[in-house]
Amino acid sequence: MKLLRSKIFFQGVLIINSIMVLLPVFFLLNSSLRESNDFASTPFALARDPYWENYSKVWSEGSFGSYFFNSLIITGGSLILILILALGAGFVLGRYQFKGNNLIFGFILTGMLVPAKLAILPLFIQLKWMGLLDSRLGLILVYTSAALPAAVFIMSGFFRSLPNDLDNAARIDGASEIVLLRRVLVPLVRPGMAIVAIYSAIPIWNDFFLPLVFLQTPEKKTLMQGLTVFFGQYASQWGVLFAGLCLAALPLVVLYLVLSEQFIKGLTAGAVKG
Amino acid sequence: MNIKRFRGLVAALFAAATVVAPGASVASADTELTFWSWRTEDKAFYESQIKLFEAKNPGISVKFTPYLNTEYNAIVSTALTAGKGPDIIQMRPYGGMANLSDAGNFLALSTSDVPALKKLPAGILAGAQGYKDKKQYGLPYAVSALGVMYNPEILDKAGVRALPQTWSQMLAAFDKVKKAGFLPIGNAGGNGPALEQLHATVGPTFYGGTSFFNDVVAGKKTFTDKGYVASLKAVADLAKYMPANYQGIDYNTARGLFANEKAAFYIGGNYEIGYFRSLNPSITIGWFPAPKANAGAKRYVGTWADGAYAINAKTANKAAALKFLNFLGTKDFGQALVDEIAFIPTAPYVKINDPAVKEINRWRTTLGTPFLNVVGFRYENPTSSSILQPGFQKLIVGGTTPEQLAKDVQTAVSSWYGPQKGKS
Amino acid sequence: MSSALRREQNRTTGALLIPALLVIIIFTTIPALTTLSYAFFAWDGFQRGSFNGLENFQKLFAYPYSDQLFAALKHNTIAFVVIMTFQTSLGLLFAYAMFRIKRGLRLYRVVVFLPVIFSLVVVGYLWQALLDPFYGPVNQIITGIGLPEFAKPWLGDTATALPTLMFINLWRWVGFPAIVFLAGLNAINTEYIEAARIDGASEGQIFRRIIFPLLAPSLTIITVLTFIGAYEWFDLPFVLGGSNGSPAGATDTLALMFYRLSFGSIDSGANNVGVGSALGVLIFTLVGLGAAFGSKMLRKREVEQ
């Protein structure tokens, strides 16, 4: 256990991990800037002379612009709904004592066990009956429902961890419950919202299966859905493929970099007490 | 994020969503047909053909949408089951989509609606019929044929002068190529379906081709037949000619080995030629039918109708859809199919210019035998293919024996296929 | 509590809880229950036939499905045990390392979590290229350092396919437990640790006696999420091995089998919705029981704190 005293050991562990993570990422970026044909024979060669045509090809041929926009709408719309609903439900379940609280909490948690794929057929028929097939709203609602259980689970944990004195002080000042939530508690659970946002956005942005099944109009296609078709079309053009992969990964990386301070703060706020 | 800003964002996003959404509902006087396919790689081809169709048929436009092939069945079946599919559907052959045909999802086609059907032989038409009602639901567009492709330049360098006629001659040729420092075959084990096609190429001569096919279909013979076991063993015998680490080489890499002139032979279907040429436009490809098992055996070319075009039974644009389907049955379209993507067209009146395809088609017409699993046993689960594909992957690494694999197939098929019920 | 406040709270409860419950009931609960009901009917393609009791379950437990079922179950279980052991302990190591250092912390926090936000499509294609037996850099490196006998067809050999998949899973997910544990560590009151140090406790003792017990809630969350994830493992095996769990079913999982039975496979034909739904019932029961047991432990811990 002497090791545990040495900072050099910890630095070493983290440096090795960073190499393990960054090397494949570098390979991805590097390959996306090389001409497809020489990839097979020399997978390691550096893209000394970046071949940006791969990116322009991806952008122009795959109507990536519109896919991108659709993915933003769907992921963004779902996130907003998830955050609003999870704030409300998390507040009630985390701070109110009432009969059935545990039961409802347990019921919501069962939602975490059901992957949407398991219920794809009935869901399809149901969406059609509701007129929500081939609609972004329908997809947003399905994603919201899939992400809510975990979101409520996380938010209620945050609400539970706040001291009760806050509520009482606000109530004595004459604040209604809604004002209490909005003015007093929401600013304090912001880190929790960042966790929910990132945790929910990852599977929604990256999903290609539900859009494939639920969206038929080509104009509504999402980025990942478009990408899978694009891969078939350029199966032998590695450079173009890798450029597509890089472009597809970019938005979430940016979102994470933007939110990471809040996210880390949220996690370090000690709210992961369950 | 404060709540006010938050609310503004909600409003903006929903506004954006509603502004974008109505785009599709703006009605136009023109008919727009939707056309789904799993051939992402043929997108450019179909789009150029659709332009020709639209030029000749003002007022009708066609929107071609290819989907990821591995997800295609799930997408089409959910859409059709819920009554919301495209007007035209590229249909998988035989058991691939027969459950959808039987459920009444496709428009039954008559020869007066689609005259091109009259010119197709019965064996091809069967590829797009319902399993139960035997009605014609699709217009088959291409046939596939299995054989051995080779690189004449490598054979020359390795000193292989004559094309092998028998199994032992072929293995001798492989040995010679190996000695000369080339890979004998590009085929590998990473992909179960590719191994199944390999078996369908070299196997029929061992089990007796079409007459065995008829006997199994009729329940007179079973998969545990000696000949069939021998055909499975043939696949195992090829393992040592596969590239190093063959069990882990995926489909694209395997094909790349032949296309990039590292392997002398590739055993498989004519549909690979288009891919080979896309990787290496300058490659010369020769073709011969799989060799006979021994001097007394017969040679066979595995063949089947590889896909069809069908019309959604619930289409709102039946007349326009039929018009487009008939366009897909024209000689010009068939010609483009063979010239541009090297498919063997179903229509007998199309002229094949590509020398390799021409050669394949000549052999196919004389030595053709149905692809046993595809044509006969993909109608219910567990299909013979669902046992054989992982089975071959085990077989080539010694994880199972030909006898055991044959028994497994028999058990699976006899669980649902009437004429084989109770037989082992 | 005053009755006016109680009334207001009741109203608030209704207004804030019901929308979330409705969304979950309509878009998750009802479709899930419908799927489960499918298990008790005969199916012809996508046409529902007559009620057939437990026949689908009998079929599921007979050849050839039983072989696939038990093989898949074994793979899921291996995945749970291995992922739990390695991913979690590595995650804990990274978290503790980040907890103990200052220099480069901001960078490490981003890097550790980076693969988690990559799409599986990206991760799948990337590793397929890296591990290609012919052109792949991994084997070229292994051969380059003089160990050509270890240059294996990682994803294609039945012996290495599942371990390789679990490694890729680890590469992608280890940042998640790392960040969660880091959060748990940062929540620990440093006064305890300082006091222990002053009392002369070794770092090992501090870790075992103070830090690890306080991390228990994080560990329980990770365990439950890993359990659910491992028994519903689908995306990575699908992207890398296809719906048949190639090679030779070595990477087959329960969820892949469910998908295959529900929709048929492109290369091998027909589906069987009835048997597929019976499998769905089984997966749901298994995961439900496991997670319920896990949450119970979780609640118990909460009380103890």
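Conventions adopted
Residue numbering note: each chain is counted from 1, following its sequence as written. Naming scheme: in the order in which they are written, chains are lettered from A and ligands are numbered from 1. Note on the predicted model: pLDDT of at least 70 is required for a residue's local features to be given, and 80 or more for side-chain atom pairs to be given and counted; whole-chain, interface and lining totals, by contrast, use all residues. The secondary structure listing takes helices from DSSP runs of H or I that are at least 4 residues long and strands from runs of E that are at least 2 residues long, numbered from the N terminus. Here exposure depends only on C-beta density: within 10 Å of a residue's C-beta, 20 or more other C-beta atoms make it buried, 12 or fewer make it exposed, and intermediate numbers make it partly exposed, the C-beta atoms being placed from the backbone. Think of it this way: build a C-beta for each residue from its backbone, and any pair within 7 Å is a contact. For this scheme, ten residues count as nonpolar: Ala, Val, Leu, Ile, Met, Phe, Trp, Tyr, Cys and Pro. Four count as charged, namely Asp, Glu, Lys and Arg, and the remainder, Gly too, count as polar. Each pair of strands is called paired provided DSSP finds at least two bridges between the two strands. Throughout, right-handed denotes a crossover for which the path from the first strand over the helix to the second runs clockwise when the strands point away from the viewer. As a rule, the C-alpha atoms of each element are fitted with a line to give its axis, helices using only the stretch in contact, and angles between N-to-C directions run from 0 to 180 degrees. Angle categories are assigned with fixed cut-offs, so that under 35 degrees is roughly parallel, over 145 is roughly antiparallel, 65 to 115 is roughly perpendicular, and the rest are oblique. Should the near helix be turned anticlockwise from the far one by less than a right angle, the crossing is termed left-handed; should it be turned clockwise, right-handed.

What about the overall build of chain C?
Argument step 1. Within chain C, the secondary structure is distributed over 14 helices and two strands.
Argument step 2. Across its three principal axes, chain C shows a C-alpha extent of roughly 80 × 70 × 30 Å.
Argument step 3. Across the 305 residues that make up chain C, the buried fraction comes to 49%.

Structural notes on the overall build of chain A
Argument step 1. Assigned secondary structure in chain A consists of twelve helices and zero strands.
Argument step 2. Each helix and strand of chain A, ordered N terminal to C terminal, gives the series α-α-α-α-α-α-α-α-α-α-α-α.
Argument step 3. Projected onto the principal axes, the alpha-carbon positions of chain A cover approximately 70 × 65 × 30 Å.
Argument step 4. Per-residue burial over chain A gives 51% buried out of 274 residues.

Some details on the interface of chain A and chain C
Argument step 1. The interface is formed by 73 residues belonging to chain A together with 72 residues belonging to chain C.
Argument step 2. Looking at the side of chain A that touches chain C element by element, the count peaks at 13 residues for helix H12 (residues 238–271) of chain A.
Argument step 3. Split by residue class, the side of chain A that touches chain C holds 52 nonpolar, 16 polar and five charged.

Observations regarding the environment of A:Ala197
Residue and element names in this part refer to chain A.
Argument step 1. Its location among the elements puts Ala-197 in helix H9 (residues 190–206).
Argument step 2. For Ala-197, a count of 21 C-beta atoms within 10 Å corresponds to the buried category.
Argument step 3. Filtering out sequence-adjacent residues up to four positions away, Ala-197 remains in contact with Leu-79, Leu-83 and Leu-259.

Points about the pairing of strand E1 (residues 31–37) of chain B
Residues and elements named next belong to chain B.
Argument step 1. In terms of burial, E1 is a largely internal element, five of the seven residues being buried.
Argument step 2. Pairing of E1 with strand E2 (residues 60–66) involves seven bridges; the strand directions are parallel. Paired with Thr-31 across the bridge in E2 is Ile-60.
Argument step 3. After leaving E1, the chain enters helix H2 (residues 43–56) and then returns to the sheet as E2, a path that is right-handed.
Argument step 4. Two elements, E1 and strand E3 (residues 88–91), share two bridges in a ladder whose sense is parallel.

Describing the sheet that holds E1(B)
Residue and element names in this part refer to chain B.
Argument step 1. Spatially, the five strands line up as an open sheet ordered E2-E1-E3-E10-E4, and their pairing is mixed. Where the open sheet ends on each side, the last strands, each with one partner, are E2 and strand E4 (138–140). Ignoring strand direction, the axes of neighbouring strands in this sheet form an average angle of 20°.
Argument step 2. Where E4 and strand E10 (residues 308–311) come together, three bridges link them in antiparallel fashion.

A short note on unusual backbone geometry
Argument step 1. A cis amide bond links B:Asn381 with the next residue in sequence, B:Pro382, at an omega value of 5°.
Argument step 2. Relative to the assigned elements, B:Pro382 resides in the loop between helix H17 (372–376) and helix H18 (384–395).
Argument step 3. In this model, C:Ser246 is joined to C:Pro247 through a cis peptide bond whose omega is 0°.
Argument step 4. With respect to the secondary-structure elements, C:Pro247 resides in the loop between helix H12 (235–241) and helix H13 (254–263).
Argument step 5. The backbone of B:Lys134 shows a phi angle near 55°, a positive value even though the residue is not glycine.
Argument step 6. One can find B:Lys134 in the loop between helix H5 (122–125) and E4.
Argument step 7. Unusually for a residue other than glycine, C:Ala248 sits at a positive phi of about 50°.
Argument step 8. Mapped onto the elements of the fold, C:Ala248 is located in the loop between H12 and H13.
Argument step 9. With 28 C-beta atoms counted inside 10 Å, the residue C:Ala248 sits in the buried group.

A look at the environment of A:Thr144
Argument step 1. Locating A:Thr144 in the fold gives a position in helix H6 (residues 136–161).
Argument step 2. Remark: the alpha-carbon pair of A:Thr144 and A:Ile80, spanning 64 residues in sequence, is separated by 9.1 Å.
Argument step 3. Residues contacting A:Thr144, with those up to four places away along its chain left out, are A:Ser78, A:Leu81, A:Ile82, A:Leu85 and C:Val23.

Let's talk about the packing of helix H3 (residues 64–95) of chain A against H9(A)
Two numbers describe a pair of packed helices, the interaxial angle and the distance between the axes.
All names here are of chain A.
Argument step 1. Relative to each other, H3 and H9 sit at 140°, their axes nearing to 10 Å. The pairing of H3 with H9 is recorded here as oblique in orientation. The handedness of the crossing between H3 and H9 is right-handed. Contact residues: H3 offers Ser-71, Thr-75, Ser-78, Leu-79, Ile-82, Leu-83 and Ala-86, while H9 offers Met-193, Val-196, Ala-197, Ser-200, Ala-201, Ile-204 and Trp-205.
Argument step 2. When its residues are assigned to classes, the contact of H3 with H9 shows ten nonpolar, four polar and no charged.

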